[in-house]
Amino acid sequence: MNRRVVITGLGAISPVGNSASESWQSVKNGKCGIGKITLFDATDYSVQIAAEVRNFSLDSYAVDHKMARKMARFQKFLLGASIEAVLDSGFNQETLKNESCGIIAGVGIGLSDGVEAGYKKYFDPHAGVNRLPPLTSPLSLNNEAAANVSLYYNLQGPSYTISTACASGTDAIGLAFDMIRLGRFDMCISGGTDANITGFNIGCYSVLQALTPNFNDAPEKASRPFDKNRSGFVMGEGSAVLILEELEHAKKRGAKIYAEVAGFASSSDAYHITAPLKDGSGGALAMKKAFQDANMGVDEIQYYNAHGTSTAANDSAESAMVKAVFGEYASKLHISSTKSETGHLVGAAGAIEALFCVKAIEEGFVPPTINLDNPDVENGCDLDYTPNVGVKCNINAAASCSLGFGGHNACIILKKYKD
C-alpha cells in the first residue's frame, strides 16, 4: 500500500508578492503583477511588458553574499522560495539536514541573465571567448537551481531537475509525490522556477507570436484568459515551492498539514512542437489518469485552476479538455486562471498554481480570472471561469493542469486532509 503524502510548507516569489501569503492575497483580490519591462531596455521591442518579480534580494533570507553572487536569477528565486517553505514547515537549515529529504525542481526555459551575459561577451568583437564570465556555465545550467538548494541545506538525498516546458512545476511536484509514497525518502522540497525576462528570450517568444503585443500601454489588461480579445500570453518569472511529506512523518513531529496530495498523472500530445491538440485530448488523458490515481470521481472536485494562458489555442483546447473529462459536471465546476494576475511563470507556473489550490482549499475561496470581460463563447470558452471577482466556496478538493510546449501535460489533484 502506498504511503500518504501531505503538504506541510509553502513558499513563493512571484510578480504579485515575495511570499506565499502575499502572492495568495494578491490573486484573491485580483491584483495584477504585469507592468512595463524594467530588466532590460525594451523600447524597440514589439512586446514591452512582462510580469517581473520586484524588490527581491537573498539578503532578506540571510544567504551568504559569496553564495548569492554565484547564482543566476532563477536560481535565487528557487532558494528564496525554498527557505520560506522550509521555515513554514517547521524545519530550518540545521534540522533539515538530518532528514531523509530530496529536492525536485522544475525549470521550463532557463534562458536567464547568466546565459544572456555569456552570449553578449562571446559575440562581442572586443571580448570573445577569452572574456566570458568565469561562472557562465553554472549560471546557465538548469540543474544548478536545485543543486544550490541542496548545498544550502546539506541535503544528500536525490536532487532532480525536471524540464517539461510549462508543465515542469507540476511534474516536479508529481515526481516528489511518487518518490515519497514509494518510500524513496520521507519528505521533499518540490516546485519550480524560471526567470526568462531577458532581451533574447522576449525576442524569441515575440517572433514566435506567442506573447501579446497589444497591451504595451495597458499592461494590467494584457493577460485575459478565455476572453474574446486575448492575443497571447505574458511572460512572467518567479518560483513556488511546496514541502511534501509522508503523513506519519508529519504527524509524528506535529506539523501543520495544509492539504493532501491525492493523485498525479502526465501525458504527451505527440502532436506539435508548440500547439496543443485542438480537442484537448492529450491533457484530458493526464487528467483522467490523475483521477484514477486518486481514486476519485470528477464530481468530488469543486475548483479547477486552469492552465489558462490567454492564447487562442490553449484556452479553447483546455475548455474542450475540461468538458471531455467532467462531462455535464463541467458547468458546475469553479474554474479560474491565476495567470491573469501573475502572468506565465513557465517552469514555476504549475507549482504556484498548485500552491493557490492549497490556499483555495484552506480558505474556501476561488480566486478570479481578471480581464474576462467577453468570454469567447464562439470558440468553446463557455464555462464558469470566475470572471473578475473571486467567490467563497467550500472546497474539498481541487485540481490543476499544466499544458506545455511540445505536448507535455501534467495534472495534480489535491484534497482536504482528513485523518
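Residues numbered from 1 in each chain as written. Predicted model: local features only at pLDDT ≥ 70, side-chain atom pairs only at ≥ 80, totals over all residues. Heavy atoms only, no water.

Caption draft 1: Fine view of a nonpolar patch on the surface. Nonpolar side chains collect at one region of the surface, where Tyr119, Tyr122, Phe123, Val129 and Phe200 lie side by side and expose about 550 Å² of accessible area between them. In terms of residue count, the dominant contributor to the nonpolar patch is helix H5 (residues 113-123) (3 residues). Residue position: Val129 is located in the loop between H5 and helix H6 (136-140). (Patch = residues over 30% accessible without salt bridge, like charges linked within 9 Å, V, L, I, M, F, W, Y side chains within 5 Å. Areas by Shrake-Rupley, 256 points an atom, 1.4 Å probe, with all protein chains shown as cover. Salt bridge = Lys/Arg side-chain N within 4 Å of Asp/Glu carboxyl O. Helix = DSSP H or I, 4+ residues; strand = E, 2+ residues; numbered from the N terminus.)

Caption draft 2: How the structure looks around the nonpolar core. In this structure, Ile7, Leu242 and Leu244 are the most contacted members of the largest nonpolar core, which totals 47 residues. Of all the secondary-structure elements, those providing two or more residues to this core are strand S1 (5-13), helix H1 (20-28), helix H8 (168-181), strand S7 (237-246), strand S8 (259-268), helix H14 (349-363), strand S11 (365-366) and strand S14 (408-415). Residue contributions to this core peak at 10 residues, all from H14. Among residues more than four places away in sequence, those in contact with Leu244 are Val5, Val6, Ile7, Ile173, Ala176, Phe177, Ile180, Asp186, Met187, Cys188, Ser190 and Val261. One finds Ile103, Tyr152, Leu155 and Val241 within the second-largest nonpolar core, a separate group that totals 36 residues. (Core = buried A, V, L, I, M, F, W, Y, C linked by side-chain atoms within 4.5 Å. Buried < 20%, exposed > 50% of the residue type's maximum accessible area, 1.4 Å probe, protein only. Contact = heavy atoms within 4.5 Å.)

Caption draft 3: Spotlight on the pattern of salt bridges. Under the counting rule described, the total for this entry stands at 22 salt bridges. Arg224 is the partner of Asp227 in a salt bridge, and the nearest nitrogen-oxygen pair spans 3.2 Å. What makes Asp227 buried here is its relative accessible area of 0%. For the salt bridge of Glu362 with Lys359, the shortest nitrogen-to-oxygen distance reads 2.7 Å. With Glu362 and Lys359 both in helix H14 and 3 residues apart, the pair spans about one turn of that helix. For Glu362, a relative accessible area of 34% gives the class partly exposed. Classification of Lys359 as buried rests on a relative accessible area of 13%. Three or more residues joined by partner-sharing salt bridges are found here, namely Lys28, Lys256, Lys359, Glu362 and Glu363.

Caption draft 4: Main features of helix H12 (residues 312-326). The terminal C-alpha atoms of H12 lie 22 Å apart, and with 15 residues this matches the ideal 21 Å at 1.5 Å per residue to within 8%. Here H12 has its buried residues at Asn314, Asp315, Ser316, Ala317, Glu318, Ser319, Met321, Val322, Val325 and Phe326. Taken together, the buried residues of H12 touch helix H11 (281-294), strand S9 (303-305), strand S10 (334-336) and strand S13 (397-404). One or two steps after H12, the chain reaches Gly327, where phi turns positive at roughly 60 degrees. (Expected span 1.5 Å × (residues − 1).)

Caption draft 5: Layout of unusual backbone geometry. Even without being glycine, Ala165 reaches a positive phi, approximately 55 degrees. Its location among the elements puts Ala165 in the loop between strand S5 (159-162) and H8. Residues other than glycine seldom take positive phi values, yet Gln209 does so here, at roughly 60 degrees. Residue placement: Gln209 occurs in the loop between helix H9 (199-207) and S7.

Caption draft 6: Examining the packing of H11 against H12 more closely. Relative to each other, H11 and H12 sit at 35 degrees, their axes nearing to 9 Å. Of the two elements, H11 crosses H12, and the hand of that crossing is right-handed. Here H11 contributes Gly283, Ala284, Met287, Lys288 and Phe291 to the contact with H12, which in turn contributes Met321, Ala324, Val325 and Phe326. Here the residues of the contact of H11 with H12 are counted per class, giving 7 nonpolar, 1 polar and 1 charged. (Axes fitted to C-alpha atoms, helices over the stretch in contact; angles between N-to-C directions. Left-handed = near helix turned anticlockwise from the far one by under 90°. Nonpolar A, V, L, I, M, F, W, Y, C, P; charged D, E, K, R; others polar.)

Caption draft 7: Fine view of the packing of H8 against H14. The interhelical angle for the contact between H8 and H14, taken along N-to-C directions, is 65 degrees, at an axis separation of 5 Å. Viewed along their axes, H8 and H14 adopt a mutual orientation that is roughly perpendicular. Along its contact with H8, which presents Gly169, Thr170 and Ile173, the element H14 presents Gly350, Ala351 and Ala354. (Parallel < 35°, antiparallel > 145°, perpendicular 65-115°, else oblique.)

Caption draft 8: Quick peek at the packing of aromatic side chains. Following the criterion strictly, the structure yields 12 aromatic pairs and no others. Between Phe56 and Tyr61, the ring centres sit 5.9 Å apart and the planes meet at 50 degrees, which makes this aromatic pair tilted. Aromatic pair Tyr152 and Tyr153: ring centres 4.8 Å apart, planes at 90 degrees, arrangement edge-to-face. Exposure class is identical for Tyr152 and Tyr153. Each is buried. For the cation-ring pair, Lys28 lies above Phe365, with the distance from its terminal atom to the ring centre recorded as 5.0 Å. (Phe/Tyr/Trp six-rings, centres within 6.5 Å; stacked < 30°, edge-to-face > 60°. Lys NZ or Arg CZ within 6 Å of the ring centre and 35° of its normal.)

Caption draft 9: The environment of Asp64, seen in detail. Mapping Asp64 onto the fold places it in the loop between strand S3 (49-50) and helix H2 (65-69). For Asp64, a relative accessible area of 48% gives the class partly exposed. The spatial distance from the C-alpha of Asp64 to the C-alpha of Tyr152 is 9.7 Å, given a sequence separation of 88 residues.

Caption draft 10: Expanded view of the pairing of S1. By the criterion of burial, S1 is predominantly enclosed, with 9 of the 9 residues buried. In this sheet, S8 lies alongside S1 in antiparallel orientation, the contact comprising 3 bridges. Along S8, the bridge assignment pairs Val5 with Val261. Examined bridge by bridge, S1 and S7 share 8 bridges and lie antiparallel to one another. Paired with Gly11 across the two strands is Val241, which belongs to S7. (Pairing = 2+ DSSP bridges.)

Caption draft 11: Fine view of H11. Compared with an ideal rise of 1.5 Å per residue, which puts 14 residues at 20 Å, H11 spans 20 Å between its outermost C-alpha atoms and is within 8% of the ideal. Listed as buried for H11 are Gly282, Gly283, Ala284, Ala286, Met287, Ala290, Phe291 and Ala294. Of the residues one or two after H11, Asn295 is the one with positive phi, at around 55 degrees.

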